Amino acid sequence: MSTSDQVPAGGDLVGAGLVDAELVEAAVEVARRYARGDNHTVAAAGRAADGRIVTALNAYHFTGGPCAELVLIGAAAGQGAYELTTVVAVGDRERGVIPPCGRCRQVLLDYFPELRIIVGQGSRLRTVPVRELLPETYVWADHQVD
Ligand SMILES: [Zn+2]
């Protein structure tokens, strides 16, 4: 199986590059159904460690309202899903998969160091470790004094 193959169902996708197509579809569905106006324009979906899919929308505000990925962290925790293994974000108006912004990369890495992020477009979607999206980054947990 090449790294460009799409895997139709979620579950344990070992192998870097394999895409959790069910997770992407969940984000696409939320973006299509619930994205609204200028406040909610990006959907995120996360695969929890127990296999569940949790979804969220961003909450735009000019003061720095959270991206969909950050809302997702809280939404997942609110359902008892404290560990996410894979995350993807999708734009409204059929914009497809959107890579996480710098702030989200840092937050996602600090929350879930082993997290995988789905990036790319169309048939070129791929899954990459969040660490690869932030090489040589500051890791908050490494600098906390006990
Ligand atoms: Zn962001």
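The present account deals with the structure reproduced in this document. Keep in mind it's a predicted model, so treat the numbers as computed, not measured. Numbering of residues starts from 1 in each chain and follows the order in which that chain's sequence is written. pLDDT decides what is reported in this predicted model: residues at 70 or higher carry local features, side-chain atom pairs at 80 or more are listed and counted, and totals for whole chains, interfaces and linings draw on all residues regardless.

Section: the pairing of strand β3 (residues 42-48)
Two faces make up the sheet, and in a regular strand the side chains alternate between them.
Okay, step 1: By the criterion of burial, β3 is predominantly enclosed, with six of the seven residues buried.
Okay, step 2: Alignment of β3 against strand β5 (residues 84-91), held across seven bridges, turns out to be antiparallel. From the neighbouring strand, Ala45 faces β5, where its bridge partner is Val88.
Okay, step 3: The pairing criterion is simple: DSSP has to find at least two bridges between the two strands. A run of DSSP states H or I qualifies as a helix once it reaches four residues; a run of E qualifies as a strand once it reaches two. Both are numbered from the N-terminal end. Pairing geometry for β3 and strand β4 (residues 53-57), over five bridges, is antiparallel. From the neighbouring strand, Ala44 faces β4, where its bridge partner is Ala56. Here a residue counts as buried when 20 or more other C-beta atoms sit within 10 Å of its C-beta, as exposed when there are 12 or fewer, and as partly exposed otherwise, the C-beta atoms being derived from the backbone.

Brief notes about the environment of Ala141
Okay, step 1: Mapped onto the secondary structure, Ala141 falls in the segment after α4 (130-133).
Okay, step 2: Assessed through the 9 C-beta atoms surrounding it within 10 Å, Ala141 is described here as exposed.
Okay, step 3: The spacing of Ala141 and Pro113 is 28 residues in sequence and 10.0 Å in space, taken between C-alpha atoms.

Quick notes on the nonpolar core
Okay, step 1: In plain words, the nonpolar core is the set of buried Ala, Val, Leu, Ile, Met, Phe, Trp, Tyr and Cys residues that C-beta atoms within 7 Å link up. Core analysis: the largest hydrophobic core is formed by 40 residues, its most contacted members being Ala27, Ala43, Ala44, Ala68, Leu72, Val88 and Ala89.
Okay, step 2: For this core, the secondary structure elements donating two or more residues are α1 (21-34), β3, β4, α2 (68-77), β5, α3 (102-111) and β7 (116-119).

Here's the deal with the packing of α2 against α3
Okay, step 1: The contact between α2 and α3 brings their axes to 9 Å, and the two run at 25°. When the axes of α2 and α3 are compared, the pair comes out roughly parallel. Crossing of α2 against α3: the hand is left-handed. For the pair α2 and α3, contact is made by Glu69, Leu70 and Ile73 and by Cys104, Val107, Leu108 and Tyr111, respectively.
Okay, step 2: Counted by class, the contact of α2 with α3 contains six nonpolar, no polar and one charged residues. Fitted lines through C-alpha atoms serve as axes, helices being fitted only where they are in contact, and the angles separating the N-to-C directions of these axes extend from 0 to 180 degrees. Small angles under 35 degrees read as roughly parallel and large ones over 145 as roughly antiparallel, with 65 to 115 read as roughly perpendicular and the rest as oblique. Crossing handedness follows the turn of the near helix against the far one: under a right angle anticlockwise gives a left-handed crossing, and clockwise gives a right-handed one. The contact criterion used here is simple: two residues whose C-beta atoms, placed from the backbone, lie within 7 Å are in contact. Under the convention adopted here, Pro, Cys and the residues Ala, Val, Leu, Ile, Met, Phe, Trp and Tyr are nonpolar, Asp, Glu, Lys and Arg are charged, and Gly plus all remaining residues are polar.

A look at the environment of Leu84
Okay, step 1: If you trace the backbone, Leu84 turns up in strand β5.
Okay, step 2: Separated by 37 residues in sequence, Leu84 and Arg47 place their C-alpha atoms 5.6 Å apart.
Okay, step 3: Leaving out residues up to four positions away in the same chain, Leu84 has contacts with Gly46, Arg47, Ala48, Ala76, Phe112 and Leu115.

Points about α3
Okay, step 1: Every buried residue of α3 is accounted for by Cys104, Leu108 and Leu109. What you see down the axis of α3 is that its buried residues fit within an arc of 130°, all on one side.
Okay, step 2: Looking at the buried positions of α3, the neighbouring elements they touch are α2, β5 and α4. Note that the arc is defined by the directions from the helix axis to the C-beta atoms.

Interpretation note: all reported values are geometric properties and have no functional meaning in isolation.
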